[in-house]
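This is what each chain is made of:
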Amino acid sequence: MAETTASKAPEKRKKKRRTPDSFIILVVCLIAVAVATVIVSLFTSKVTGATFADVVTAPVLGFADAMQVCVFVLVLGGFLAMVNKTGALDAGVATLVRALKGRELVLIPILMLLFGICGSTYGMLEETVPFYILLAATMYAAGFDTLTGALVVLLGAGAGCIGSTVNPFSVGVATAALTDLGIAVDQGLIIGFGLVLFVIAEAISIFFVMRYAKKVMADKGSTFMSLQEQEEAEKEYGQMEEDAENPSFSAVLSGKQKIVLVLFALTFVVMIVGFVPWQNFGIDLFMLGGSADDPSGAWSAFLTGTPLGSWYFNEATAWFLLMAIVIGILARLSGKDIVGTFLGGCAEMVSVALVIALARSVAVIMSETALDTFILENAANALAGVPAFIFAPATFLFYFVLSFAIPSSSGMATLAMPIMGPLSDGLGFSPEVMVMIYVAAHGVVAIITPMNGAVLAGLALAKVQYATMLKAVMKVIVVTSLACVVVLTAAMLLI
């Protein structure tokens with residue numbers, strides 16, 4: 001009896017370990033930033049100290065600012081619930097895993113490269129939320145853990161953003177800001193630097209994820225996930241793993257379920273096509289019949305009123321809502337069942353949507369008190385006159401820190417480039433390298449900042465806590481950051 005009690009003691013202690021809830025982390029960040037604004041306001045009139053009312057209303061304003069994303073997440077929940085009602089997703093994942101038996105690791109580099117290309121070309125990161133639940137299910141059924149699935153999405157797309165080439169939300173906004181200031185920018189150089197960083201960041205990320213996945217497959221005890229997280233993942237995705245190990249389960253995949261899976265895949269493909277800014281690449285296929293003045297006349301605008309390539313979350317939400325209804329009808333559900341299933345799925349996503357809204361509240365406080373501008377101006381003054389080998393890493397560090405407060409890549413570029421661009425140009429440094437320093441630093445932070453509500457939302461779907469994710473990716477972040485600093489400092493010295 002003593003031996004049994006002793007053997008159970010470590011497990012009991014481990015179960016008591018709980019990671020901080022995402023809401024608690026974000027509230028602490030919000031209060032910390034508010035306190036910082038009050039302290040800074042005592043020494044300068046350029047910053048207004050946040051009041052109690054500012055703190056209370058910031059989450060509400062954050063929700064208003066993130067409304068499109070929040071509604072998309074709710075509708076996504078309804079869509080996934082409709083698909084799950086048919087049993088098609090469980091059957092499809094199990095069938096895929098059995099088909100890859102012994103070759104499951106092949107999925108990781110292929111999927112990470114696909115996510116990376118999307119990240120590099122159009123900044124796909126917030127838009128990855130739907131893929132977390134899909135990859136968590138697939139990787140769990142394949143014998144890994146849900147964290148592996150989350151890392152495939154997060155690091156795959158995140159590394160792509162670090163190596164952005166033609167990303168309109170970071171590279172595009174930054175170069176446009178410099179051009180408006182009369183600073184010439186060579187787009188070819190930016191694409192070249194972006195490709196180098198893309199290869200480096202993706203290679204590092206794929207290496208780390210594959211190494212972790214191998215360890216988990218060989219020994220479930222090597223997972224970074226706590227017992228609490230593992231139990232939640234088992235409750236959510238355990239049936240898929242059982243189905244994947246059951247050879248007779250393939251017979252359950254009916255013709256109707258196959259059609260549902262095709263529609264499921266089509267929904268995601270159309271969403272991706274809709275988000276990619278094709279016209280920036282000189283591809284006008286989806287604008288045929290329309291024009292810049294009248295885009296609604298384009299043939300591809302019949303779905304949402306906006307042509308493919310110009311979509312944002314409103315259009316994606318409408319598309320997922322439509323496909324949820326189509327799948328419900330195809331499954332021959334009654335009107336009452338369709339509504340009930342959809343609303344049930346939305347209800348499961350309410351906490352995820354609120355996390356996104358709360359994450360935006362910190363940026364609201366920073367902007368309304370002008371703390372972000374104050375930090376930016378003082379950092380620029382501190383960097384004036386330093387040599388290139390100091391300027392490049394110091395600028396990377398500056399963007400790294402500021403990106404925690406400004407998670408929006410376009411918002412960061414709009415705020416920072418009018419200040420940092422002239423400074424860099426006045427010192428005789430390459431504006432192209434300056435742009436890529438901002439892109440790389442902001443891309444690294446986008447992976448780990450709690451202010452990125454989309455990341456927290458995706459982790460919640462994968463049943464992974466924020467602290468667990470941080471522990472898992474910290475080596476990747478450090479190695480990738482150092483590699484980017486070395487490459488960009490060398491570029492600053494040579495060009």
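All residue numbers refer to position in the chain's written sequence, counted from 1. Since the coordinates come from a predicted model, pLDDT governs what is reported: local features require at least 70, and pairs of side-chain atoms require 80 or more to be given and counted, while whole-chain, interface and lining totals use all residues. Excluding hydrogens and water, the side-chain figures rest on all heavy atoms present in the structure.

What to know about the overall build of the chain
Only DSSP runs of H or I reaching four residues or more are called helices, and only runs of E reaching two or more are called strands; each is numbered from the N terminus. From N to C terminus, the chain includes 21 helices and zero strands. Projected onto its principal axes, the C-alpha positions of the chain cover 75 × 70 × 50 Å. Remark: exposure states derive from per-residue accessible area (1.4 Å probe, protein chains only) relative to the maximum for the residue type, with buried under 20%, exposed over 50%, and partly exposed in between. Burial statistics for the chain: of 495 residues in total, 53% are counted as buried. Residues are treated as being in contact if the distance between any of their heavy atoms lies within 4.5 Å. Relative to all contacts within the chain whose residues are 6 or more apart in sequence, the contacts with residues 24 or more apart total 82%.

Some details on the side chain of Thr 146
Within the element layout of this structure, Thr 146 appears in helix H8 (residues 146-162). Polar contacts involving the side chain of Thr 146 include one to the main-chain carbonyl oxygen of Ala 462, which spans 2.8 Å. Once you skip the residues sitting within four places of it in the chain, Thr 146 turns out to touch Ala 136, Tyr 140, Met 225, Ala 233, Tyr 237, Ala 462, Lys 463 and Val 464. Any pair of nitrogen or oxygen atoms within 3.5 Å is treated as a polar contact; in protein, a donor-acceptor pairing is required on top of that, and neighbouring residues in sequence qualify only through side-chain atoms on both sides.

Section: the pattern of salt bridges
What counts as a salt bridge is simple: a side-chain nitrogen of Lys or Arg found within 4 Å of a carboxyl oxygen of Asp or Glu. Tallied over the full model, the rule gives two salt bridges. In this structure, Glu 377 and Lys 46 form a salt bridge, with 3.9 Å as the shortest nitrogen-oxygen distance. Of the two residues, Glu 377 sits in helix H16 (residues 371-383) while Lys 46 sits in the loop between helix H2 (22-41) and helix H3 (52-65), which places them 331 residues apart along the sequence. With a relative accessible area of 53%, Lys 46 lands in the exposed category.

So, the nonpolar core
Formed by 168 residues in total, the largest nonpolar core has its most connected members in Phe 79, Phe 115, Val 152, Phe 320, Tyr 399 and Met 420. Broken down by element, the residue count for this core peaks at 14 residues, all from helix H19 (residues 431-448). Residue contacts for Phe 320: discarding those within four places in its chain leaves Phe 72, Val 75, Leu 76, Phe 79, Thr 267, Phe 268 and Met 271. For the purposes of this section, nonpolar cores are sets of buried Ala, Val, Leu, Ile, Met, Phe, Trp, Tyr and Cys residues that join through side-chain atoms within 4.5 Å.

Some words on unusual backbone geometry
With a phi close to 60 degrees, Arg 332 is a non-glycine residue in the positive phi region. With respect to the helices, strands and loops of the structure, Arg 332 is situated in the loop between helix H13 (313-330) and helix H14 (335-348). In the Ramachandran plot, Lys 463 falls in the positive-phi region, its phi being about 60 degrees despite a non-glycine side chain. Locating Lys 463 in the fold gives a position in the loop between helix H20 (453-461) and helix H21 (466-494). The partly exposed category is assigned to Lys 463, whose relative accessible area is 25%.

Topic: the packing of aromatic side chains
When two rings of Phe, Tyr or Trp (its six-membered ring) have centres within 6.5 Å they constitute a pair, described as stacked for plane angles under 30 degrees, edge-to-face for angles over 60, and tilted for the intermediate range. Taken as a whole and assessed by the stated rule, the structure comprises 21 aromatic pairs. Taken together, a centroid distance of 6.0 Å and an interplanar angle of 35 degrees make the contact between Phe 286 and Trp 299 tilted. Here the residue Phe 286 occupies a position in the loop between helix H12 (255-275) and H13, and Trp 299 occupies one in the loop between H12 and H13, the gap between them amounting to 13 residues. Taking the relative accessible area as the measure of exposure, Phe 286 reaches 13% and is therefore buried.

Things to note about H20
Among the nine residues that make up H20, eight are buried, leaving the element largely enclosed by the rest of the structure. Taken from the residues just after H20, Lys 463 is the one with a positive phi, measuring 60 degrees.

Here we look at the confidence of the model for the chain
You can read pLDDT as the predictor saying how much it trusts each residue, on a scale of 0 to 100. Per-residue confidence for the chain gives a mean pLDDT of 86, with 93% of residues at or over 70. This stretch, residues 1-17, has a pLDDT under 50; its non-local contacts, to residues over four places away or in other chains, come to seven contacts.

Focus: the packing of H8 against H19
Any two packed helices are characterised by the angle at which their axes cross and by the distance between the axes. A fitted line through C-alpha atoms represents every axis, and for helices the fit uses only the stretch in contact; the resulting angles, taken between N-to-C directions, go from 0 to 180 degrees. Packing of H8 against H19 leaves a shortest axis separation of 7 Å and a crossing angle of 165 degrees. Relative to H19, the element H8 is oriented roughly antiparallel. Both H8 and H19 take part in a crossing whose hand is right-handed. In contact with Leu 154, Leu 155, Gly 158, Ala 159, Cys 161 and Ile 162 of H8, H19 contributes Met 436, Val 439, Ala 440, Gly 443, Val 444 and Ile 447. Grouping the constituent residues of the contact of H8 with H19 by class yields 10 nonpolar, two polar and no charged. What sets the label is the angle itself: under 35 degrees gives roughly parallel, over 145 gives roughly antiparallel, 65 to 115 gives roughly perpendicular, and the rest give oblique. Take the far helix as the reference: if the near one is turned anticlockwise from it by less than a right angle, the crossing is left-handed, and if turned clockwise, right-handed. Throughout this entry, Asp, Glu, Lys and Arg are counted as charged residues, while Ala, Val, Leu, Ile, Met, Phe, Trp, Tyr, Cys and Pro are counted as nonpolar. The remaining residues, Gly among them, count as polar.

Here we look at the packing of helix H15 (residues 350-369) against H16
Across the interface, H15 lies against H16 with an axial gap of 5 Å and an inter-helix angle of 70 degrees. With respect to H16, the element H15 is oriented roughly perpendicular. Together, Met 366, Ser 367 and Thr 369 of H15 and Leu 371, Asp 372 and Ile 375 of H16 make up the contact between the two elements. Of the residues assigned to the contact of H15 with H16, the class counts are three nonpolar, two polar and one charged.

Some thoughts on a nonpolar patch on the surface
Like charges are joined within 9 Å and nonpolar side chains (Val, Leu, Ile, Met, Phe, Trp, Tyr) within 5 Å, but only among residues with over 30% relative accessible area and no salt bridge; these make up the patches. In short, Shrake-Rupley with a 1.4 Å probe defines the accessible areas, and a residue's cover is counted only from the protein chains shown. Side chains of Val 27, Ile 31, Val 35, Ile 39, Leu 42 and Phe 43 sit close together on the surface and give an oily, nonpolar patch of about 620 Å² of accessible area. The class of Ile 39 is partly exposed, set by a relative accessible area of 46%.

A look at the side chain of Thr 138
Position of Thr 138 relative to the elements: it lies in helix H7 (residues 129-141). Residue classification places Thr 138 among the buried residues on the basis of a relative accessible area of 7%. Among the polar contacts listed, one links the side chain of Thr 138 to the backbone oxygen of Leu 134, at a separation of 2.9 Å. Among all residues touching Thr 138, those that are not within four sequence positions of it are Val 93, Leu 96, Val 97 and Leu 107.

Digging into helix H5 (residues 88-99)
To estimate how far a helix should extend, the number of its residues minus one is multiplied by 1.5 Å. A rise of 1.5 Å per residue sets the reference length of H5, with its 12 residues, at 16 Å; its end C-alpha atoms lie 16 Å apart and thus fit the reference within 8%. Inspection of H5 places Ala 88, Leu 89, Ala 91, Gly 92, Val 93, Ala 94 and Val 97 among the buried residues, and these make up the whole buried set.

What about the environment of Ala 213?
By the secondary structure assignment, Ala 213 is in helix H10 (residues 187-218). For Ala 213 and Phe 144, which are 69 residues apart along the polypeptide, the C-alpha to C-alpha distance reads 6.1 Å. When near neighbours in sequence (up to four residues on either side) are disregarded, Ala 213 contacts Leu 105, Ile 108, Phe 144 and Thr 148.

Some remarks on the environment of Ala 353
Residue placement: Ala 353 occurs in helix H15. With 67 residues separating them along the chain, Ala 353 and Phe 286 place their C-alpha atoms 31 Å apart.

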